[in-house]
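A closer look at the structure
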Amino acid sequence: CPICGMKLVPVAPEAHAHETGSDAPAAAGPAQDTQQTLGRVTVSVDPARQQMIGLRTAKVARASVGGSWRSIGRVDVDPTRVRKANVKVEGYVESIYVNFLGQRVSKGQPLFTLYSPTVLVTQNEYVAALKSYRAAGSSGPEPPLLAAARRKLELWDVPQSVIAELAQQGPQKTLTFVSPISGVVTAKNVVEGSYLQPGAEPYEITDLSMVWVMVDAYESDMARVKVGMQASMSVQAYPGRVFKGRVQFIAPLLDPGTRTAKVHLHFPNPTGELKPEFYGEVTLHGETREGLSVPLDAVIHSGTSTIVFVALGEGKFAPAQVQLGERSGDQVEVLSGLTEGQEVITRANFLIDSESQLRASLRDLAEK
């Protein structure tokens with residue numbers, strides 16, 4: 001034999017027919033029913049040959065199945081926590097207080113100052129209208145000119161505190177823009193002396209106190225992934241650390257190229273240890289249940305069926321067609337085809353499968 005080196009011995013059709021006839025022990029339950037339909041027959045392997053080819057078996061046992069699901073996740077920015085500092089009026093940048101990407105800023109912290117002739121003119125209009133209003137001793141509603149000037153300043157993001165101080169301090173040459181949220185600077189498109197037009201976005205601030213972890217789920221995994229499932233993740237940067245999160249969203253569309261759907265997990269990140277583009281091993285924790293399970297190595301996928309070889313005793317092994325359920329680690333759930341306590345081949349099963357199909361072919365030739 002070119003595989004195991006044993007001397008090949010011709011098999012007489014008569015002996016083969018006797019070996020697989022009605023007097024030979026048969027597999028209990030489903031194994032007996034499937035011998036004639038899977039193109040395979042029961043085979044006998046003596047102990048010496050079993051040892052030579054490394055044949056191993058494992059018992060069909062009850063265990064906790066389902067529950068956990070493992071995959072690889074990628075840390076990403078939470079797009080709902082991204083803000084841009086924009087300007088609504090043209091002007092010139094006079095001073096910059098945040099100078100580089102990645103710099104941490106707090107909400108309300110100054111980013112830059114802008115000199116805008118348009119804002120300065122409007123401030124003068126507001127101050128003049130306010131003085132006239134107060135000089136007239138009126139206590140009723142603001143006159144239209146005063147209200148219009150105030151509204152312009154508000155629409156240009158001039159803070160209320162600055163507007164309130166205009167009557168005492170007079171018009172201010174520059175307008176200070178502050179950070180809308182606490183976070184880190186992820187985009188900077190401005191330098192001192194820049195001319196900004198309405199709609200310009202000089203800064204982008206991202207809050208990384210909560211991050212997304214993106215996981216790809218295949219079609220076969222979709223039934224196990226649920227919104228709200230608890231999740232844990234470990235990354236190479238922090239050996240021994242386990243980060244806790246939760247499934248928040250499952251994409252409703254499948255990617256036609258990869259045949260996967262994106263699963264969004266939210267992970268708290270108060271200290272910023274989880275950085276965007278980190279990769280980590282993600283485990284989703286669901287509810288477990290009791291069920292029959294066998295090692296994955298015991299299963300042979302023939303294309304149209306799923307087969308295991310059951311040990312009958314005295315060196316005999318019979319094929320059994322099984323229906324599989326959920327996978328858990330290196331074990332897989334068996335829904336039908338086996339009973340608790342049976343033994344199945346976990347190593348060298350492909351050699352046994354080849355011999356079983358060969359003997360089935362010889363039997364068919366003998367019958368013809």
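Residues numbered from 1 in each chain as written. Predicted model: local features only at pLDDT ≥ 70, side-chain atom pairs only at ≥ 80, totals over all residues. Heavy atoms only, no water.

**Here's the deal with the sheet that holds strand S4 (residues 82-85)**
- The strand order across the open sheet built from four strands is S4-S11-S9-S6, with neighbouring strands paired in antiparallel fashion. A strand with exactly one partner marks an edge of an open sheet, and here the two such strands are S4 and strand S6 (104-105).
- Pairing analysis gives four bridges linking S4 to strand S11 (residues 203-206), with the strands arranged antiparallel. Looking at S11, one finds that valine 82 is bridged to threonine 206. (Pairing = 2+ DSSP bridges. Helix = DSSP H or I, 4+ residues; strand = E, 2+ residues; numbered from the N terminus.)

**Looking at the sheet that holds strand S7 (residues 110-115)**
- Read from one edge of the open sheet, four strands run S8-S7-S5-S10, paired in antiparallel fashion. In this open sheet, the two strands that pair with only one neighbour each are strand S8 (174-178) and strand S10 (195-196).

**With respect to the packing of helix H5 (residues 144-155) against helix H6 (residues 160-169)**
- Between H5 and H6, the least distance of the axes is 10 Å, while the angle of their chain directions is 145°. In the packing of H5 onto H6, the handedness of the crossing is right-handed. Where H5 approaches H6, its residues Arg150, Leu153 and Glu154 are matched on the opposing element by Gln160, Ile163 and Leu166.
- Of the residues that constitute the contact of H5 with H6, the class distribution is three nonpolar, one polar and two charged. (Axes fitted to C-alpha atoms, helices over the stretch in contact; angles between N-to-C directions. Left-handed = near helix turned anticlockwise from the far one by under 90°. Contact = heavy atoms within 4.5 Å. Nonpolar A, V, L, I, M, F, W, Y, C, P; charged D, E, K, R; others polar.)

**A word on H5**
- In this model H5 runs 16 Å from its N-terminal to its C-terminal C-alpha over twelve residues, within 8% of the 16 Å that 1.5 Å per residue would give.
- Turning to H5, its buried residues are Leu146, Ala149 and Leu153. What you see down the axis of H5 is that its buried residues fit within an arc of 70°, all on one side.
- Contacts made by the buried residues of H5 are with helix H4 (117-135) and H6.
- Phi turns positive, to about 70°, at aspartate 157, one or two residues after H5. (Expected span 1.5 Å × (residues − 1). Buried < 20%, exposed > 50% of the residue type's maximum accessible area, 1.4 Å probe, protein only. Arc of directions from axis to C-beta.)

**Considering a nonpolar patch on the surface**
- There is a patch of nonpolar side chains on the surface, built from Leu358, Leu362 and Leu365 and spanning about 290 Å² of accessible area.
- Within the secondary structure layout, leucine 358 lies in helix H7 (residues 349-367). (Patch = residues over 30% accessible without salt bridge, like charges linked within 9 Å, V, L, I, M, F, W, Y side chains within 5 Å. Areas by Shrake-Rupley, 256 points an atom, 1.4 Å probe, with all protein chains shown as cover. Salt bridge = Lys/Arg side-chain N within 4 Å of Asp/Glu carboxyl O.)

**Things to note about the nonpolar core**
- Phe112, Leu114, Tyr126, Leu153, Val158, Leu196 and Tyr203 are the most contacted members of the largest nonpolar core, which totals 33 residues.
- Of all elements in the fold, only strand S5 (91-96), S7, H4, H5, H6, S8 and S11 reach the threshold of two or more residues within this core.
- Per-element tally for this core: the top contributor is H4, with six residues.
- Ignoring anything within four residues of it in the chain, the contact list for tyrosine 126 reads Leu146, Ala149, Arg150, Leu153, Ile163 and Leu166.
- Membership of the second largest hydrophobic core comes to 22 residues, among which are Val184, Ala231, Phe267 and Leu274. (Core = buried A, V, L, I, M, F, W, Y, C linked by side-chain atoms within 4.5 Å.)

**Quick look at the pairing of S5**
- When S5 meets S10, the two strands line up antiparallel, connected through two bridges. Residue pairing for S10: tyrosine 92 is matched across the bridge by tyrosine 195.

**Considerations on the environment of valine 225**
- Of note, valine 225 is situated in the loop between strand S12 (210-218) and strand S13 (230-235).
- For valine 225 and glycine 286, which are 61 residues apart along the polypeptide, the C-alpha to C-alpha distance reads 8.3 Å.

**Section: unusual backbone geometry**
- One non-glycine residue, aspartate 157, lies in the positive phi region at around 70°.
- You can see aspartate 157 is positioned in the loop between H5 and H6.
- Taking relative accessible area as the criterion, aspartate 157 reaches 35% and is therefore assigned partly exposed.
- Unlike most non-glycine residues, glutamate 314 shows phi in positive territory, near 55°.

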